[in-house]
Amino acid sequence: EPEVTQTPSHQVTQMGQEVILRCVPISNHLYFYWYRQILGQKVEFLVSFYNNEISEKSEIFDDQFSVERPDGSNFTLKIRSTKLEDSAMYFCASSRTAGTGELFFGEGSRLTVL
Amino acid sequence: AQSVTQLDSQVPVFEEAPVELRCNYSSSVSVYLFWYVQYPNQGLQLLLKYLSGSTLVKGINGFEAEFNKSQTSFHLRKPSVHISDTAEYFCAVVFNNAGNMLTFGGGTRLMVKP
């Protein structure tokens, strides 16, 4: 069964460092997303991406964040200068269509900022 | 303000007993409703969804949920749980047909005991 894969599963970084989280969405999906979950809090929407551009983003997704689809398979989330409060589980998701809410999620990348 | 609330953070239940996980939302606009499940060390997986039509929806693994518009609820039920149902369950809502931007509840940890 096709699945969304994420790397790394866990990354520890120093405050101020750049981090790139990688995702390989399901191959025939067209819509891509990043969500995050800070420990003990709700899963929160960050950004959606379609046709090589951001389609929606939340207020969390400020200038420190960027997304990219550098090739036909990868979808990346970059945090330019990490803060302590960026520590969270980051989930990548993809979907074939828009509007139905049926997203396929990866297992998550846990980011720890020290 | 639009929000999703799962009142129970943990629900312990014995195997073969029925269970109901509660979800309420706050919205004056149309909604799409979802339940996702997260098994240990896995990503979120769609259990079931309500987009329109019959208010009683059936999902995978014997789960069902009922949309109650007057009570703004979408409770998840299963008549007889198994040990393997132990997981975190997330209610999620798309408000006003806002693409695939899911707003999640805080999650309910279902703990099935033998």
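Right above here is the structure, for reference.
Worth saying up front: this structure is predicted, and the values here are computed from it rather than measured.

A. Structural detail: the pattern of salt bridges. Residue and element names in this part refer to chain B. Scanning the entire structure with this criterion turns up eight salt bridges over all chains. Of the charged contacts, one joins Lys58 and Glu64 as a salt bridge, the two residues approaching to 2.8 Å between their closest N and O atoms. For Lys58, a relative accessible area of 63% translates into the label exposed. Glu64 gets classed as partly exposed once you look at its relative accessible area, which sits at 21%. A single salt-bridge network, built from bridges that share partners, covers Glu20, Glu66 and Arg77.

B. Structural view of the interface of chain A and chain B. On the chain B side, the residues contacting the 19 residues of chain A number 21 residues. The junction of chain A with chain B conceals about 1,700 Å² of combined surface from both sides, 54% of it contributed by carbon and sulfur atoms. For chain A, the biggest contributors to the area lost against chain B are Lys42(A), Val43(A) and Phe105(A); these three give 29% of the whole. If you look at where chain A meets chain B, you find one salt bridge. Only strand S4 (31–37), strand S5 (43–50) and strand S9 (88–95) of chain A provide two or more residues apiece to the side of chain A that touches chain B. Tallying contributions element by element places S4(A) first for the side of chain A that touches chain B, with three residues.

C. Fine view of the state of the cysteines. Per the stated rule, a full pass over the model turns up two disulfides over all chains. In this model, Cys23(A) is linked to Cys92(A) through a disulfide, with the two sulfur atoms separated by 1.9 Å. Taking the sign of the S-S torsion, -65° for the link of Cys23(A) and Cys92(A), the bridge is left-handed. One end of the pair, Cys23(A), is in strand S3 (residues 19–24); the other, Cys92(A), is in strand S9, with 69 residues separating them in the sequence. The burial state of Cys23(A) is the same as that of Cys92(A); both residues are buried. The disulfide partner of Cys23(B) is Cys91(B), and the S-S distance across this bridge is 1.9 Å. Across the disulfide from Cys23(B) to Cys91(B), rotation about the S-S bond amounts to roughly -65°, and the bridge is consequently left-handed. Note that Cys23(B) is positioned in the loop between strand S3 (19–21) and strand S4 (24–26) and Cys91(B) in strand S10 (residues 87–95), a separation of 68 residues in sequence. The residues Cys23(B) and Cys91(B) share a single accessibility class, namely buried.

D. Seen up close, the side chain of His29(A). Residues and elements named next belong to chain A. On the secondary structure map, His29 appears in the loop between S3 and S4. One polar contact links the side chain of His29 to the main-chain amide nitrogen of Ser95, over a distance of 3.4 Å. Excluding residues that lie within four positions of it along the chain, His29 makes contacts with Ser94, Ser95, Arg96 and Phe104.

Parameters and conventions
Residues numbered from 1 in each chain as written. Chains lettered and ligands numbered in written order. Predicted model: local features only at pLDDT ≥ 70, side-chain atom pairs only at ≥ 80, totals over all residues. Heavy atoms only, no water. Salt bridge = Lys/Arg side-chain N within 4 Å of Asp/Glu carboxyl O. Buried < 20%, exposed > 50% of the residue type's maximum accessible area, 1.4 Å probe, protein only. Contact = heavy atoms within 4.5 Å. Buried area = accessible area lost by both parts, 1.4 Å probe. Helix = DSSP H or I, 4+ residues; strand = E, 2+ residues; numbered from the N terminus. Disulfide = S-S within 2.5 Å. Polar contact = N/O pair within 3.5 Å; in protein donor to acceptor, adjacent residues only side chain to side chain.

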